Amino acid sequence: VQLVESGGGSVQVGGSLILSCAVSGFSSDYYMIGWFRQAPGKEREGVSCINNDDGTTYYADSVKGRFAISRDNAKNTVYLQMNSLRPEDTAMYYCAADDTITTALDMCALAYKYLEVKGQGILATVSS
């Protein structure tokens, strides 16, 4: 299984970015996939996760109402639309997936290091 992230970049406060994660290699559509981030000096945290099979989602409180996760199964790609960005959203963002976890909430709650498949990470910078 492989995850390839794209998007990211630099924006000013209040701006928007979209991250993409192309997925390949899973034998079925039943897996969880999500975005994690690590800001300088902070622990990695689950930002948003989605059940690729039924589309149920989870968002961390810090991004609710600003970020939206979605999937396009025809393209095997998951997106994270990030709006109303703040300086504290600056971080390396990592896509991760796991077909042994059963809910989006559990996916985001699990420590990143235990997840089955991980991307290489992509930087998003928000400047004031």
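Predicted model, so just to flag it, every value in this text is computed and none were measured.

A. Examining the overall build of the protein more closely. A tally of regular secondary structure across the protein gives one helix and 11 strands. When the helices and strands of the protein are placed in sequence order, the string is β-β-β-β-β-β-β-β-β-α-β-β. The C-alpha atoms of the protein give a radius of gyration of 13 Å, which matches the 14 Å a tight globule of 128 residues would have. Reported as C-alpha extents along the three principal axes, the dimensions of the protein are approximately 45 × 30 × 25 Å. Taking all 128 residues of the protein together, the buried fraction comes to 45%. When contacts within the protein are restricted to residue pairs at least 6 apart in sequence, long-range pairs at least 24 apart make up 57% of them. For the protein, the computed accessible surface area is about 6,200 Å², with 48% contributed by carbon and sulfur atoms.

B. Expanded view of the state of the cysteines. Tallying each qualifying case throughout the model produces two disulfides. The connectivity of the disulfides in the protein is 1-3, 2-4, where the numbers refer to bonded cysteines in sequence order.

C. Focus on the packing of aromatic side chains. For the coordinates displayed, the defined rule picks out three aromatic pairs. Taking the centre distance of 5.6 Å and the plane angle of 55 degrees together, the rings of Tyr 94 and Tyr 112 count as tilted. Linking Tyr 94 in strand β9 (residues 91-98) with Tyr 112 in the loop between α1 (104-109) and β10 (117-118), this pair joins segments that are 18 residues apart in sequence. An identical accessibility class is assigned to Tyr 94 and Tyr 112; each is buried. Linked through ring pairs, Phe 36, Tyr 94 and Tyr 112 together constitute an aromatic cluster. Above the plane of the ring of Tyr 94 lies Arg 44, whose end atom (NZ or CZ) is 4.1 Å from the centre.

So, how was this worked out
- Residues numbered from 1 in each chain as written.
- Predicted model: local features only at pLDDT ≥ 70, side-chain atom pairs only at ≥ 80, totals over all residues.
- Heavy atoms only, no water.
- Helix = DSSP H or I, 4+ residues; strand = E, 2+ residues; numbered from the N terminus.
- Rg over C-alpha atoms; globule rule 2.2 N^0.38 Å.
- Buried < 20%, exposed > 50% of the residue type's maximum accessible area, 1.4 Å probe, protein only.
- Contact = heavy atoms within 4.5 Å.
- Areas by Shrake-Rupley, 256 points an atom, 1.4 Å probe, with all protein chains shown as cover.
- Disulfide = S-S within 2.5 Å.
- Phe/Tyr/Trp six-rings, centres within 6.5 Å; stacked < 30°, edge-to-face > 60°.
- Lys NZ or Arg CZ within 6 Å of the ring centre and 35° of its normal.

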